[in-house]
Amino acid sequence: MSASTVTERRVAAAAARKHSLHKSRMWALWGSYIALSVFVVMFLVPPFYTLVTSLKSSAEISAQTGSPWLVHSPTLENFWYLITYPNFQRYYLNSVIVTILTVVISMVISVLAAFSLSRMGFWGSQTLSTGVFLTYLVPPSLLFIPLFQIVGQLGLINNFWCLVLLYPTLAVPFCTWIMIGYFSSIPKELDEAALIDGAGYLQMLWRIFIPVAMPGIIAATIFAFTVAWGAFLYPLAYLYTSNQMVLTVGIISDLIRGDVFQWGKIMAACLLASLPPIVIYAFLMDYYVAGLTAGATKG
Amino acid sequence: MAEVSCRKVTKEYDAGVQAVKGIDLDIADHEFVVLVGPSGCGKSTTLRMIAGLEEITSGEIWIDGDVVNDVPPRDRDIAMVFQNYALYPHMSVFDNMAFGLKLRKFPKDEIKRRVDEAGRILDIVPLLERKPRALSGGQRQRVAMGRAIVRNPKVFLFDEPLSNLDAKLRVQMRTEIKKVHQTVRTTTVYVTHDQIEAMTLADRVVVMNGGNIEQVGAPQELYHHPATRFVAGFIGSPAMNFLPCRVQDGPNGGLAIRVTDSITLPVPPGRVERYGKYKDKNMILGLRPEHLFEYHEQGKPGWTRVDLPVDVVEPMGMETMVHFFIDGAPVCARVDPATHAEPNEILPLTADLNQMHLMHPDTGKVV
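Each chain carries its own residue numbering, running from 1 in the direction its sequence is written. For this description, chains carry letters from A and ligands carry numbers from 1, given in the order in which they are written. Whole-chain, interface and lining totals are the exception, using all residues; otherwise, since this is a predicted model, local features are given only for residues with pLDDT of at least 70 and side-chain atom pairs are given and counted only at 80 or more.

The next thing to look at is the overall build of chain A. Counting its secondary structure elements, chain A contains 13 helices and 2 strands. Against the globule reference of 19 Å for 299 residues, chain A gives a C-alpha radius of gyration of 27 Å, more extended than a compact globule. Think of it as a crowd count around each C-beta: if 20 or more other C-beta atoms lie within 10 Å the residue is buried, if 12 or fewer it is exposed, and in between it is partly exposed, with C-beta placed from the backbone throughout. A burial count over chain A gives 34% of its 299 residues as buried. For the purpose of contact definition, each residue receives a C-beta atom placed from its backbone, and two residues are in contact when these atoms lie within 7 Å. Pairs at least 24 apart in sequence give 79% of the contacts found in chain A among residues at least 6 apart. Only DSSP runs of H or I reaching four residues or more are called helices, and only runs of E reaching two or more are called strands; each is numbered from the N terminus. The atom set for the radius of gyration is the C-alpha atoms, and the globule formula is 2.2 Å times the number of residues raised to the power 0.38.

Printed below as a string of structure tokens:
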């Protein structure tokens, strides 16, 4: 066998290997596309159906002719009804107030808590950190009866301010946990440099830790926002007049009268209620992902 | 500018581990002192205690005539450069350097003047608006030094500042650090595990081992007159050769060092008195590679010829290191690069015994 044929054969073998690499990658891609398509269909069909239904008049919804997936005569009457409906405006405003206050309170508490737990190394800080996370594991549905007692004694039943008190109990543990992870990924030398530069603990937190941990803070903020905006159980349990209700319970208690489901308005209300989370996620998603994976990559 | 003193300083961690075992050290004003030693010898802990980042278990630390045991780092008027630079990632180079001054409420124009001046000294003026992530390792290190310089503190503390740089840059930054010290003359304590860094930078080197100070002295003094076997082995590269030996009677009423049955070396007359009391005792012979070289017929008279089989040859350009074994103990010799040496061949060698060190095998003290 001559040297040149050996070389040729090796080149051919290399080409074949390259081809097989290409092939296996193609199969992997097909696999992921199929899996993702199933996922996308499962997750996007309900919102799509919501949108379609919200654009139909009550008559068209109840007509039951033609495909329910198509709109014959689209109308914005459901949206217009809700926007001009004082109760719905009230729910929206209540939701916004409760959510903003919850986010602010939760973030102040959890950033301060996480900073002290992860950096100040006092006696029992390890145990406390674990304790904070364990708190998060207690399901809210277990707590709402004992909490009813407390809320009742505070005279806050049927008052949306009770939610400002209750939601942080759901948000703070997880936010603290995210922030402990993020703060721990900041090298110790950074605080030492700040200490030597003349910073006190509060200055260190405010001027070094908060700016550096911004992705983590945004992730935690989004979590607190989601908790406050989407909570259903507590408002259902503690609020019963429409001037105190927030969106989640307001929509179902107001738009379902007895056995009459005003489907078009319900769907439109759901879409309007989803608007703030969608907008916030769209703008902050990159930070959110960075924040949740920080502990894994920065070590 | 200030002097720094440690008086019987100890550091004990919770588990009863003593990291620093009562060290005494006086550092003069303007002096550049390097703490050097292997990992875990307590050098970084000592530096961090001077900085106030670690509490002192017992003893006293003095800076500029005050005991600072309970003074927090920010009130000690020190500046520190860290191994991983510890720059604030969200601030520009200017803000990084100005941070300490801003916290101390310096007027704006004074801050700008000082940062610009430090920028000029370190040659980083064009980088002032950049963020740390847009800088190379060497530039980051300069910024970290700039952050120390602008404060014009009493003491500079360096904690292995060059360890994260590649070899070439390390040599370059070493020179820069020395140059900066010659310019600003601030008292400096510098920690490193690299004995070459220690030798090149220091006015005085402090060799630490196991939480104790082994020896303090000028670089040349440590090199030529090590006090202990540890210092002798730690300072100098390649390291000093150590061979177990026995002191015995030599020719003409002198002394001789018996290394193996076939190798017996005469003690130079000038040292006979010094080593006399160790006659018939087992000792350790210490000899640097550069004092062990090829034997020439026309060389100095009376130098003993020893023939040894070569194990490994390492040509380095200006010199060639040749490795042997004597009774199982590795030995390194520095020979002329023109010398022909091949593995497994026999090379005739001789030693300059005027440069020898004799150590006690139990205490490790050089006698």
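On we go from here.
Moving on, we get to helix H1 (residues 43-51) of chain B. Structural remark: α-helix, 3.6 residues per turn; residues separated by three or four positions point the same way. In terms of burial, H1 of chain B is a largely internal element, 9 of the 9 residues being buried. Looking at the residues trailing H1 of chain B, positive phi occurs at Gly52 of chain B, about 90°.

Where each domain begins and ends is defined by an automated method or by a domain database. Per the domain assignment, the segments of chain A are domain 1 (2-45) and domain 2 (78-298). Centre-to-centre separation of domain 1 of chain A and domain 2 of chain A, based on C-alpha positions: 45 Å.

All names here are of chain B. Residue Pro238 is reached from Ser237 by a cis peptide bond, and omega for that bond is -5°. Tracing the sequence through the fold places Pro238 in the loop between helix H8 (229-234) and strand E11 (241-249). Although it is not a glycine, Asp77 adopts a positive phi angle of roughly 55°. The residue Asp77 is located in the loop between strand E5 (66-67) and strand E6 (78-81) in this model. By the C-beta count within 10 Å, which is 19 here, Asp77 ends up partly exposed. You will see that Asp280, though not glycine, has its phi angle at about 65°, which is positive. Inspection of the secondary structure assignment puts Asp280 in the loop between helix H9 (272-275) and strand E14 (282-287).

On the side of chain A, 14 residues touch chain B, which itself brings 17 residues to the contact. Among the secondary structure elements, those contributing two or more residues to the side of chain B that touches chain A are E6 and helix H2 (93-103) of chain B. Note on residue categories: nonpolar means Ala, Val, Leu, Ile, Met, Phe, Trp, Tyr, Cys or Pro, charged means Asp, Glu, Lys or Arg, and polar means any other residue, Gly included. Broken down by class, the residue content of the side of chain B that touches chain A amounts to 12 nonpolar, 3 polar and 2 charged.

Residue and element names in this part refer to chain B. Any two strands with at least two DSSP bridges between them are considered paired. The 5 strands lie next to each other as E13-E12-E11-E14-E21, forming an open sheet whose pairing is antiparallel. In this open sheet, the two edge strands, each paired with only one partner strand, are strand E13 (264-266) and strand E21 (357-359). Sheet twist, expressed as the mean angle between neighbouring strand axes with direction ignored, is 40°. Where E14 lies against E21, 3 bridges are found, and the strand directions are antiparallel. Paired with Ile284 across the two strands is Met359, which belongs to E21. To obtain an axis, a line is fitted to C-alpha atoms, over the contacting stretch when the element is a helix, and the angle between two such axes runs from 0 to 180 degrees between their N-to-C directions.

Residue and element names in this part refer to chain A. Each residue carries a pLDDT score, the predictor's confidence in it, ranging from 0 to 100. Within chain A, residue pLDDT values average 87, and 94% of them lie at 70 or more. Helix H13 (residues 263-298) is the least confidently modelled element of chain A, averaging 76 in pLDDT, while helix H4 (residues 86-119) averages 94, the highest of any element. Predicted confidence for residues 295-299 stays below pLDDT 50, and this span has 3 contacts to residues more than four positions away or in other chains.

Turning next to the pairing of strand E10 (residues 212-217) of chain B. Residue and element names in this part refer to chain B. Alignment of strand E9 (residues 204-209) against E10, held across 5 bridges, turns out to be antiparallel. The residue bridging Met208 from the neighbouring strand is Ile213, located in E10. Linking E9 to E10, which pair antiparallel, is a turn of 2 residues; within it Gly210 sits at a positive phi near 55°.

All names here are of chain B. Strand order in the open sheet formed by 6 strands is E6-E7-E8-E3-E9-E10, with mixed pairing between adjacent strands. Edge strands, defined here as strands with exactly one partner in the open sheet, are E6 and E10. For this sheet, the mean angle separating the axes of adjacent strands, direction not counted, is 20°. Bridge count between strand E3 (residues 32-36) and strand E8 (residues 187-192): 5 bridges; the pairing is parallel. The residue bridging Leu35 from the neighbouring strand is Val191, located in E8. In the packing of helix H4 (residues 137-150) onto the sheet, contacts are made with E6 and strand E7 (155-159), and the angle to E6 comes to roughly 175°.

A word on H2 of chain B. Taking burial as the measure, the 11 residues of H2 of chain B include 8 buried ones, the bulk of the element. All of the buried residues in H2 of chain B are Val93, Phe94, Asn96, Met97, Ala98, Phe99, Gly100 and Leu101 of chain B. Against the buried residues of H2 of chain B lie helix H8 (188-197) of chain A together with helix H3 (108-122) and H4 of chain B.

In this section: the packing of H4 of chain B against helix H5 (residues 167-184) of chain B. Residue and element names in this part refer to chain B. Where H4 contacts H5, the two axes come as close as 11 Å, and the packing angle between them is 20°. As judged from the angle between their axes, H4 and H5 are roughly parallel. At the point where H4 passes H5, the crossing takes the right-handed sense. Here Gly137, Gly138, Gln141, Met145 and Ile149 of H4 lie close against H5, whose contacting residues are Leu169, Met173, Val180 and Val184. What sets the label is the angle itself: under 35 degrees gives roughly parallel, over 145 gives roughly antiparallel, 65 to 115 gives roughly perpendicular, and the rest give oblique. In a left-handed crossing the near helix is turned counterclockwise from the far helix by less than a right angle, and in a right-handed crossing that turn is clockwise.

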